[in-house]
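Fold and geometry: a report
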Amino acid sequence: MKPWVIGNWKQNPKSIKVAQALISDLLRTDNRSLLSQCQMMVIPSTVHLAKVADTIANLEPNLSHGDSATLIVKAAVADNPLLRLGGQDISALSAQVGAYTGDCSAAQLKDCGAAWVLIGHSERRQYYNEEEKVLQKKLQNALSEQLGVIFCVGETETQYESGDTLAVITKQLEVLTSSLPNELSQDLANRIIVAYEPVWAIGTGKVPTVEEVSTTHLAIKDLLTGFNSQITDPIVIYGGSVNADNAAQFAQAKGVDGALVGGASLKADKFLAIAQAFVK
Ligand code: PEP
């Protein structure tokens, strides 16, 4: 499996122009060989998504152009082999449209060119109290619109220190296992990524040891394959202060299929250096 290298831009950058410049840097001709060796994705702010999709479409010669083909272009962007697009959040209330001020649905995200969505990120859990029921609805809405899901799990520092990592993650994964259909197609199984992100490692510069990450990833894989025999090769990526200097150690760790990168994904050279570490 080609490694996944996913950039979560969070509430960055400040302007669409900067977001577009970042895409242009990533898609420079001399980066394309690297991009083709991994599965790279960017997850911009929802308000930047459509423009970012258009930028990718304009830079990617294999895609159709022109106003009349907007939908085709967007669908193609969603599955762009060089640079995939994801969204940071979707409404729990409706997968389509409705009177839900401030929300953005799975269908709207898809229409803007996203093929994936983050669900369960610790910042959503922490600042918006997103817990089991809400996450379950988001997951169902994403799946009903055929969006791939990057489902984030991870323990707090206190839970880590008291040795509760696996218990916490097992509970968090119940959202996923309880929402997936019993008859899971291979296509659907391929569209589920679990991101192990210790809360205490996000944006702090602190990271678990490679052995700890490996042990946790292998345990997550066991849990998922045990849940459903159709999940034969679950994708589990690591997130939390991954940077150009430490990426190689995670890239070599057993059970690590890629990285979810926050801060270091906002500079093309740093993000590409992480990708390089994973394709070696
Ligand atoms: C994240 O928010 O998913 C993340 C991993 O952030 P950072 O890389 O900045 O720790």
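Structural data are supplied above this passage.
Throughout what follows, the structure given in this document is the object of discussion.

Moving on, we get to the layout of surface pockets. If you roll a probe as big as a water molecule over the atoms, it shows you where there is empty space left. Taken as a whole, the largest pocket holds about 710 Å³ of empty space. What lines the largest pocket is a set of 24 residues, among which Thr 46, Gln 88, Asp 89, Arg 124 and Tyr 128 lie closest to the centre. Elements with a contribution of two residues or more to the lining of the largest pocket: α6 (122-128) and α7 (132-144). The element that contributes the greatest number of residues to the lining of the largest pocket is α6, accounting for four residues. Classifying every residue of the lining of the largest pocket by side-chain character gives nine nonpolar, eight polar and seven charged.

The subject of this paragraph is the packing of α7 against helix α9 (residues 165-179). The interhelical angle for the contact between α7 and α9, taken along N-to-C directions, is 40 degrees, at an axis separation of 9 Å. Considered as vectors, α7 and α9 are oriented oblique to each other. Crossing geometry of α7 relative to α9 is assigned as right-handed. For the pair formed by α7 and α9, the contact residues are Glu 132, Leu 135, Gln 136, Leu 139 and Gln 140 on the first element and Lys 171, Val 175, Leu 176, Ser 178 and Ser 179 on the second. Class assignment of the residues belonging to the contact of α7 with α9 gives a composition of four nonpolar, four polar and two charged.

This brings us to the sheet that holds strand β2 (residues 39-43). Here we have eight strands rolled up into a closed barrel, ordered β1-β2-β3-β4-β5-β6-β7-β8, and parallel in their pairing. Between one strand axis and the next, the sheet turns by 25 degrees as a mean value, whatever way the strands run. Looking at chain direction, strand β3 (residues 84-87) and strand β4 (residues 116-119) are connected through two bridges and run parallel. Note on β4: the bridge partner recorded for Gly 86 is Trp 116. Helix α11 (residues 210-227) contacts β5 (148-153), β6 (192-196) and β7 (235-239) of the sheet and is inclined by roughly 150 degrees relative to β7.

Another point: the site of the ligand. Every one of the 14 residues lining the ligand counts as a neighbour, but Lys 10, Glu 197, Gly 203, Ser 241 and Gly 262 are closest to it. In the model, an oxygen atom of the ligand is placed 2.5 Å from a nitrogen or oxygen of the Lys 10 side chain. Taking Gly 262, its main chain carries an N or O atom lying 2.8 Å from an oxygen atom of the ligand. In terms of residue class, the shell around the ligand is made up of four nonpolar, eight polar and two charged.

Once that is clear, we can look at the pattern of salt bridges. One pass over the structure, following the stated rule, counts eleven salt bridges. Notably, a salt bridge pairs Glu 174 with Lys 171, separated by 3.0 Å at the nearest N-O pair. Taken together, the positions of Glu 174 and Lys 171, both in helix α9 and three residues apart, correspond to about one turn of that helix. The partly exposed category is assigned to Glu 174, whose relative accessible area is 34%. On the basis of relative accessibility, which here comes to 44%, the residue Lys 171 falls in the partly exposed class. Residue Lys 221 is joined to Asp 257 by a salt bridge in which the shortest nitrogen-to-oxygen separation is 2.6 Å.

As a further point, take the nonpolar core. Residues Met 40, Ile 119, Val 149, Leu 176 and Ile 220 are the most contacted members of the largest nonpolar core, which totals 71 residues. Residue contributions to this core peak at seven residues, all from helix α13 (residues 268-279). Once residues lying within four places of it in the same chain are set aside, the contact partners of Val 149 are Trp 116, Val 117, Ile 119, Leu 139, Ala 142, Leu 143, Arg 191, Ile 192 and Ile 193.

Rules behind the numbers
Residues numbered from 1 in each chain as written. Predicted model: local features only at pLDDT ≥ 70, side-chain atom pairs only at ≥ 80, totals over all residues. Heavy atoms only, no water. 1 Å grid on protein atoms, 1.4 Å probe; cavity = no way out; pocket = protein on both sides within 12 Å on 5 of 7 lines; lining within 4 Å. Points joined across faces, edges and corners; volume = space filled by probe spheres on them. Helix = DSSP H or I, 4+ residues; strand = E, 2+ residues; numbered from the N terminus. Nonpolar A, V, L, I, M, F, W, Y, C, P; charged D, E, K, R; others polar. Axes fitted to C-alpha atoms, helices over the stretch in contact; angles between N-to-C directions. Parallel < 35°, antiparallel > 145°, perpendicular 65-115°, else oblique. Left-handed = near helix turned anticlockwise from the far one by under 90°. Contact = heavy atoms within 4.5 Å. Pairing = 2+ DSSP bridges. Near = heavy atom within 4 Å. Polar contact = N/O pair within 3.5 Å; in protein donor to acceptor, adjacent residues only side chain to side chain. Salt bridge = Lys/Arg side-chain N within 4 Å of Asp/Glu carboxyl O. Buried < 20%, exposed > 50% of the residue type's maximum accessible area, 1.4 Å probe, protein only. Core = buried A, V, L, I, M, F, W, Y, C linked by side-chain atoms within 4.5 Å.

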